[in-house]
Amino acid sequence: MRQSPKKDVFQLFAEKVRDHKGLVSRWAVLQETRVEYFRGKDFVNFLKNHQELKDILESNKNIEVEEIANTLLRKNLLVRCDRVVKTVRPGKKKLSTWPAHLEIFPDQVFSENDAFFAWTFVKRHPLWQTLLSFFWPVLTLAICLFPVYPHRCKLLILYSCAGVLLLILSLLLMRATIFGTLYIILGKRVWFFPNILAEEATLRELFRFWPKKDEEERPKWTARLFYAVVAVLVILLLRHHAPDEAARARYQKRMSNIIDDVLEWSPRLALSGMMEKQQTVVNGTEPNNRNSEQSRDEASGNGEDVDQPQHQDHI
């Protein structure tokens, strides 16, 4: 019986390390491709704290961390990267700890000093992601069939979506209000839920509550005073142009009518409306047909009256 070829131990080691939650990693863009990467010093500390992972390497389990990383680089399981932006941006004291854009480093050798390494192999998707990929077409079909849902189901979906939207808008407004208040009064940049608007963040990072440490220089009092005046002017402008009670009532009535039309729509009502419209068109064409018939009869009668005197004169 033919046996399947044995998998490379370094491949197994790389997959195990990548799936481990102890190694801190981030996502970045490398040559227009999103990659998962980690820092060299974090890789060293990770293997020091998890020596049991070296047992996967079997006969190579006693080699140094640097040699393991260089072997992964030679086998194209890793690629060393460097940050694209190598200068400190204005207003910041140091370079970003986790850059969002990377480029391939010329010397593919492991290093701990400000070195980044990206995984090159495709990560195995867990079972829930596979099930989710089959769930998306079903969800799309369910959204398309919303008009034919029962009335109670429509109400449940409507209020759930409105509640989620209200929660998101309230969270963003509260977040901006806290940031503006602390920025003007204390000169601190404090963003609660700092990754809530991030494009490249894991689900765990997306809902992180505590703000990041403010590493930028403290703003000048003139800038804070300027933003305070602008905020007061915006508030006064919005208050001055706020709609009155009558305008709010008209808008509320208009929106409630639109929502009622969506909730009360059904295929039966649509078909009955089409039938009534068709019947109205038929009823509207019948008088026209009668008028045309009467006009033809009158025209034929006038023609007979004209021909009869001519026949008499000929006699």
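None of these values were measured; they are calculated from a predicted model. (Residues numbered from 1 in each chain as written. Predicted model: local features only at pLDDT ≥ 70, side-chain atom pairs only at ≥ 80, totals over all residues. Heavy atoms only, no water.)

1. Observations regarding the pairing of strand 1 (residues 26–30)
Thought 1: Direction of pairing for strand 1 relative to strand 2 (residues 33–39): antiparallel, over a ladder of five bridges. Looking at the pairing, Trp27 lines up with Glu36 of strand 2.
Thought 2: Pairing analysis gives two bridges linking strand 1 to strand 4 (residues 101–104), with the strands arranged parallel. For Leu30, the partnering residue across the bridge sits in strand 4 and is Leu102. (Pairing = 2+ DSSP bridges. Helix = DSSP H or I, 4+ residues; strand = E, 2+ residues; numbered from the N terminus.)

2. Comments concerning the nonpolar core
The nonpolar side chains of a soluble globular protein tend to be buried with one another.
Thought 1: Core analysis: the biggest nonpolar cluster contains 25 residues, and Phe13, Val17, Phe43, Leu72 and Trp119 have the highest contact counts within it.
Thought 2: Of all the elements in the fold, those that place two or more residues in this core are helix 1 (9–19), helix 2 (40–49), helix 3 (65–74) and strand 5 (116–119).
Thought 3: Residue contacts for Trp119: discarding those within four places in its chain leaves Ala14, Val17, Arg18, Leu23, Glu36, Phe38, Leu77 and Leu78.
Thought 4: Counting residues in hydrophobic clusters, the runner-up holds ten residues, among them Val79, Trp98, Phe116 and Ala118. (Core = buried A, V, L, I, M, F, W, Y, C linked by side-chain atoms within 4.5 Å. Buried < 20%, exposed > 50% of the residue type's maximum accessible area, 1.4 Å probe, protein only. Contact = heavy atoms within 4.5 Å.)

3. With respect to unusual backbone geometry
Thought 1: Backbone geometry at Glu32 places phi at a positive 65°, although glycine is not the residue there.
Thought 2: Take Glu32: it is sitting in the loop between strand 1 and strand 2.
Thought 3: Relative accessible area serves as the criterion here: at 81%, Glu32 is assigned to the exposed category.
Thought 4: We note that Asn76 has phi near 60°; this positive angle belongs to a residue other than glycine.
Thought 5: For Asn76, the location among the structural elements is in the loop between helix 3 and strand 3 (78–83).

4. Things to note about the sheet that holds strand 3
Thought 1: Spatial strand order, 1-2-5-3-4: five strands in a closed barrel with mixed pairing. Here the average twist between neighbouring strands, direction ignored, is 55°.
Thought 2: Where strand 2 lies against strand 5, three bridges are found, and the strand directions are antiparallel. In the strand pairing of strand 5, Phe38 is matched with Phe117. (Axes fitted to C-alpha atoms, helices over the stretch in contact; angles between N-to-C directions.)

5. Description of the UniProt feature "transmembrane region" (unreviewed entry) in the protein
Thought 1: The UniProt record annotates "transmembrane region" (unreviewed entry) at residues 127–149, 156–186 and 221–238.
Thought 2: Note that residues 156–186 is 97% helix and 0% strand, and that its end C-alpha atoms are spaced 44 Å apart.
Thought 3: Secondary structure over residues 221–238 splits into 100% helix and 0% strand, and the C-alpha atoms at its two ends are 26 Å apart. (UniProt positions renumbered as here; feature names shortened; annotations may be inferred.)

6. Looking at the packing of aromatic side chains
Thought 1: Scanning the entire structure with this criterion turns up 13 aromatic pairs.
Thought 2: Between Phe38 and Trp119, the aromatic rings sit 5.2 Å apart at their centres with planes inclined by 50°, giving tilted as the arrangement. Within this pair, whereas Phe38 is found in strand 2, its partner Trp119 is found in strand 5, the two being separated by 81 residues in sequence. This pair shows no difference in class: Phe38 is buried, exactly as Trp119 is.
Thought 3: Ring plane angle 20° and centroid distance 5.9 Å describe the contact between Phe179 and Tyr183, whose orientation is recorded as stacked. Of this pair, Phe179 and Tyr183 both sit in helix 5 (residues 151–185), four residues apart, which is roughly one turn of that helix. (Phe/Tyr/Trp six-rings, centres within 6.5 Å; stacked < 30°, edge-to-face > 60°.)

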